[in-house]
Amino acid sequence: MPASTVKLDAALLREISAAKPRGQTLAAFVREAIERELLRRKLRAAAEQYCAFLDEHPDETQELELWESSPLAARPRRSRT
């Protein structure tokens, strides 16, 4: 992995240092924050794509509504065959 350097102003550095867990390095904290942000963006894009899919396929929405109305908390009935 190529090394990189990010310059932070003193106020931001103090704020990050105060926010990070005591046993965590600054680099690890910043790396995790960036990874979380990238994941958040990917999940948001996926949610938007799924909403667009549901808009284009109303039958899928109906199936989801049927599934949501299913009594999943109730015990299934046994078939008498």
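You'll find the structure just up there.
Overview of the structure. (Residues numbered from 1 in each chain as written. Predicted model: local features only at pLDDT ≥ 70, side-chain atom pairs only at ≥ 80, totals over all residues. Heavy atoms only, no water.)

## Quick word on the overall build of the protein chain
So, point 1. Of regular secondary structure, the protein chain possesses three helices and zero strands.
So, point 2. Ordered by position from the N terminus, the helices and strands of the protein chain form the series α-α-α.
So, point 3. Expected size for 81 residues packed as a compact globule is a radius of gyration near 12 Å; at 24 Å, the protein chain overshoots this value by more than 25%.
So, point 4. If you line up the protein chain on its principal axes, its C-alpha atoms span 70 × 35 × 25 Å.
So, point 5. Every one of the 81 residues in the protein chain was classed for burial, and the buried ones make up 7%.
So, point 6. Summing over all exposed atoms, the protein chain offers an accessible surface of approximately 8000 Å²; the carbon and sulfur share of this is 57%.
So, point 7. In the protein chain, the 14 positive side-chain charges and the 13 negative ones have mean positions that sit 13 Å from each other. (Helix = DSSP H or I, 4+ residues; strand = E, 2+ residues; numbered from the N terminus. Rg over C-alpha atoms; globule rule 2.2 N^0.38 Å. Buried < 20%, exposed > 50% of the residue type's maximum accessible area, 1.4 Å probe, protein only. Areas by Shrake-Rupley, 256 points an atom, 1.4 Å probe, with all protein chains shown as cover. Lys, Arg positive; Asp, Glu negative; His and termini not counted. Charge placed at Lys NZ, Arg CZ, Asp CG, Glu CD.)

## Remarks on the packing of aromatic side chains
So, point 1. Scanning all chains against the criterion turns up one aromatic pair.
So, point 2. With 6.3 Å between their ring centres and 20° between their planes, tyrosine 50 and phenylalanine 53 make a pair best called stacked. In this pair, tyrosine 50 and phenylalanine 53 are both assigned in helix α2 (residues 26–56), three residues apart and thus about one turn of the helix distant.
So, point 3. Assessed through its relative accessible area of 34%, phenylalanine 53 is described here as partly exposed. (Phe/Tyr/Trp six-rings, centres within 6.5 Å; stacked < 30°, edge-to-face > 60°.)

## Observations concerning the side chain of lysine 20
So, point 1. With respect to the helices, strands and loops of the structure, lysine 20 is situated in the loop between α1 (10–19) and α2.
So, point 2. Glutamate 32 provides the closest opposite charge to the buried, salt-bridge-free lysine 20, at an N-O distance of 11 Å. (Salt bridge = Lys/Arg side-chain N within 4 Å of Asp/Glu carboxyl O.)

## Details of the pattern of salt bridges
So, point 1. For the structure shown, the criterion picks out three salt bridges.
So, point 2. Across the pair arginine 40 and glutamate 37 runs a salt bridge, and its minimum N-O distance is 2.8 Å. Residue arginine 40 and its partner glutamate 37 are both found in helix α2; the two are separated by three residues, about one turn of the helix.
So, point 3. Residue arginine 40 is classed as partly exposed on the basis of its relative accessible area of 44%.

## What about the environment of alanine 3?
So, point 1. In this structure, alanine 3 sits in the segment before α1.
So, point 2. Along the sequence, alanine 3 and glutamine 62 sit 59 residues apart, while their C-alpha atoms lie 50 Å from each other.

## A closer look at α2
So, point 1. With 31 residues, α2 ought to run about 45 Å at 1.5 Å a step, and its terminal C-alpha atoms sit 45 Å apart, in line with that.
So, point 2. Those residues of α2 lying buried are Ala28, Phe29 and Leu54.
So, point 3. Each element contacted by the buried residues of α2 is listed here: α1 and α3 (58–68). (Expected span 1.5 Å × (residues − 1). Contact = heavy atoms within 4.5 Å.)

By themselves, these figures tell us nothing about what the structure is for.
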